[in-house]
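# An overview of the molecular structure
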Amino acid sequence: MGEDLSFASLDVDDVTGFGPEVTTIRRPRVGIYRFYLHYFSQSFTPGMTGSLWRLLLRALTSPSGRLGAIIVALLTLFVFIAPWMLPDPAAMPDLMAGAVPPGAGHPFGTDQLNRDVLSRVVSGGQISLSVAGLAVLLAVTLGALVGGLAGFYGGWLDSVLMRLVDGALAIPRLFLLLLLVAVWEQMPLGALVLVLGATGWFATSRIVRGEVLRLREAEFVLAATALGAGPGRIILRHLLPNVAGPILVAATLGVGDVILLEAGLSYLGIGVRPPTPS
């Protein structure tokens, strides 16, 4: 299945000949949208960032990937733009009125202190997404670093790092967070991000280690070693970019986990402190 394309309408270099006649070739029918996504995905430089961008662009070629990207983009834009168009979430215009049911002025109604619920939901979503994004970024970075070192070097370093990870995984994360937050009575938001990120990289490190163990004897790694590439370059430019898929999946799942953890800690009064919404 294909279509006849004239030489004048082609945007690739595949031609069958030259002359005054219009040259036609036959190629598979590929949408222009998918063609440009493929073109831009090939233009990224090698490395971890380029691999992640290529994975994202490849996901956009499928209808389900585009639908998911649109939903996430709309929610993110709404959370970060809507506060400019909504009332102040801390404003209490009529304290004696108390809770008001949903109406034209307050689509979600107001709470017992007459604060707009929609404004508080949007502001809370902004804080939760920011905390989750930064914490997962920190966790994925630490997990990729530890897993890459353990998988590449092996030996005693692998044994020590993985036994530490096993010990950390044996402790429930929520219990560890409650212990840390209880010791640090007035924890600022930045410290909460650091605590959530520093306690969320253990599973990612095991995933990265397993992938690096599988790839370190591959031909492209042996070729890079033969050409004189050092361990740091091999890990950062050859191994970790080929583990970008599992890392991206772990990061995606980790965002939801961190949002739930942050909401639970805030509900208990040891996360985001009132009156800041979460």
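Residues numbered from 1 in each chain as written. Predicted model: local features only at pLDDT ≥ 70, side-chain atom pairs only at ≥ 80, totals over all residues. Heavy atoms only, no water.

## Some words on the overall build of the protein
Inclusion rule: A run of H or I in DSSP becomes a helix once it reaches four residues, and a run of E becomes a strand once it reaches two; helices and strands are each numbered from the N terminus. Where accessible areas are quoted, they stem from the Shrake-Rupley method and a 1.4 Å probe; at the residue level, only the protein chains shown are allowed to cover.
In terms of regular secondary structure, the protein is built from eleven helices and two strands. Along the protein, helices and strands appear, N-terminal first, in the series β-β-α-α-α-α-α-α-α-α-α-α-α. For the protein, the accessible area works out to roughly 16900 Å², and carbon and sulfur atoms hold 69% of it.

## Brief notes about the nonpolar core
A general trend in soluble globular proteins is that nonpolar side chains are found buried together. Going by this rule: Among the buried residues, those of types Ala, Val, Leu, Ile, Met, Phe, Trp, Tyr and Cys that are joined through side-chain atoms within 4.5 Å form a nonpolar core. Exposed residues in this analysis have more than 50% of their type's maximum accessible area, buried residues have under 20%, and partly exposed residues fall in between, with area computed by a 1.4 Å probe over protein chains only. Contact definition: two residues touch when any of their heavy atoms are within 4.5 Å.
Core analysis: the largest hydrophobic core is formed by 32 residues, its most contacted members being Leu196, Val208 and Leu239. Those elements giving two or more residues to this core turn out to be helix H4 (117-153), helix H6 (173-183), helix H7 (189-198), helix H8 (202-215), helix H9 (219-226), helix H10 (231-239) and helix H11 (244-267). Top contributing element to this core by residue count: H4, with eight residues. If sequence neighbours within four positions are ignored, Leu196 has contacts with Val131, Ala135, Arg173, Leu177, Val258, Leu261, Glu262 and Leu265. Ranked by size, the runner-up nonpolar core spans nine residues in total, among them Ala139, Ala150, Val165 and Trp201.

## Digging into H11
Let me state the cut-off plainly: Each residue after the first adds 1.5 Å to the expected span of a helix.
In this model H11 runs 34 Å from its N-terminal to its C-terminal C-alpha over 24 residues, within 8% of the 34 Å that 1.5 Å per residue would give. Within H11 the residues assigned to the buried category are Ala244, Ile247, Ala250, Ala251, Gly254, Val258, Leu261, Glu262, Leu265 and Ser266.

## What to know about the side chain of Ser205
Note the following rule: We call two N or O atoms a polar contact when they sit within 3.5 Å, provided that within protein one can donate a hydrogen and the other can accept it, with sequence-adjacent residues counted only if both atoms are side-chain atoms.
Here Ser205 shows up in helix H8. Of the polar contacts made by the side chain of Ser205, one reaches the backbone oxygen of Phe202; its length is 2.6 Å. Those residues in contact with Ser205, other than ones at most four positions away along the chain, are Gly143, Val146, Gly147, Met162 and Val165.

## Let's talk about the environment of Asp158
Relative to the helices and strands, Asp158 is located in helix H5 (residues 155-170). Given the relative accessible area of 11%, Asp158 is considered buried. Each C-alpha atom, one on Asp158 and one on Gly148, is 9.7 Å from the other, the two residues being ten residues apart in sequence. Sequence-distant contacts of Asp158, defined by excluding residues within four places in its chain, comprise Ala150 and Arg209.

## Some remarks on the side chain of Ser128
Among the secondary structure elements, Ser128 is positioned in helix H4. Here Ser128 falls in the buried class, since its relative accessible area comes to 10%. A distance of 3.1 Å separates the side chain of Ser128 from the side chain of Glu262, its partner in a polar contact. Beyond its immediate sequence surroundings of up to four residues, Ser128 is in contact with Ile259, Glu262 and Ser278.

## Focus on the packing of aromatic side chains
Here is the rule: Only Phe, Tyr and Trp rings are paired, with Trp represented by its six-membered ring, and only when their centres lie within 6.5 Å; those with planes under 30 degrees apart are stacked, over 60 edge-to-face, the remainder tilted.
In the structure shown here, the tally under the stated rule is two aromatic pairs. Pairing Phe152 with Tyr153 gives two aromatic rings, centres 5.2 Å apart and planes at 90°, and the pair type is edge-to-face. With centroids separated by 4.7 Å and ring planes inclined at 50°, the aromatic side chains of Trp201 and Phe202 adopt a geometry described as tilted. Since its relative accessible area comes to 12%, Phe202 is described here as buried.

## Some details on the confidence of the model for the protein
Selection criterion: A score between 0 and 100, pLDDT records how confident the predictor is in each residue.
The predicted model of the protein averages 76 in pLDDT, with 76% of residues at 70 or higher. Low pLDDT, under 50, characterises residues 1-30; the predicted model gives this stretch 36 contacts beyond four residues in sequence or across chains.

## Comments concerning the pattern of salt bridges
How we decide: By definition, a salt bridge exists where a carboxyl oxygen of Asp or Glu is found within 4 Å of a side-chain nitrogen of Lys or Arg.
Summed over all chains, the structure comprises four salt bridges. Note that Arg163 is salt-bridged to Asp166, the shortest N-O span being 2.9 Å. On the criterion of helical spacing, the pair formed by Arg163 and Asp166 is a turn pair, its members being three residues apart in helix H5. Looking at Arg163, the relative accessible area reads 49%, which means it is partly exposed. Salt bridges sharing common partners tie together Arg163, Asp166 and Arg206.

## Some remarks on the packing of H8 against H11
Geometry of a packed helix pair, given as the angle between the helix axes and the separation of the axes. We count it as follows: Axis angles are defined between N-to-C directions and span 0 to 180 degrees, where every axis is a line fitted to C-alpha atoms and, for a helix, only to the segment in contact. Geometric relationships in this document are graded by angle, where less than 35 degrees denotes roughly parallel, more than 145 denotes roughly antiparallel, 65 to 115 denotes roughly perpendicular, and other angles denote oblique. By definition, any crossing whose near helix is turned counterclockwise from its far helix by less than a right angle is left-handed, and any crossing with a clockwise turn is right-handed. Gly falls in the polar group here, along with every residue not listed as nonpolar (Ala, Val, Leu, Ile, Met, Phe, Trp, Tyr, Cys, Pro) or charged (Asp, Glu, Lys, Arg).
In the contact formed by H8 and H11, the axes pass within 10 Å of each other and the chain directions differ by 165°. Comparing the axis directions of H8 and H11 gives the class roughly antiparallel. For H8 against H11, the interelement crossing comes out right-handed. Two secondary-structure elements touch here, H8 through Thr204, Ile207, Val208 and Glu211 and H11 through Pro246, Ile247 and Ala250. Grouping the constituent residues of the contact of H8 with H11 by class yields five nonpolar, one polar and one charged.

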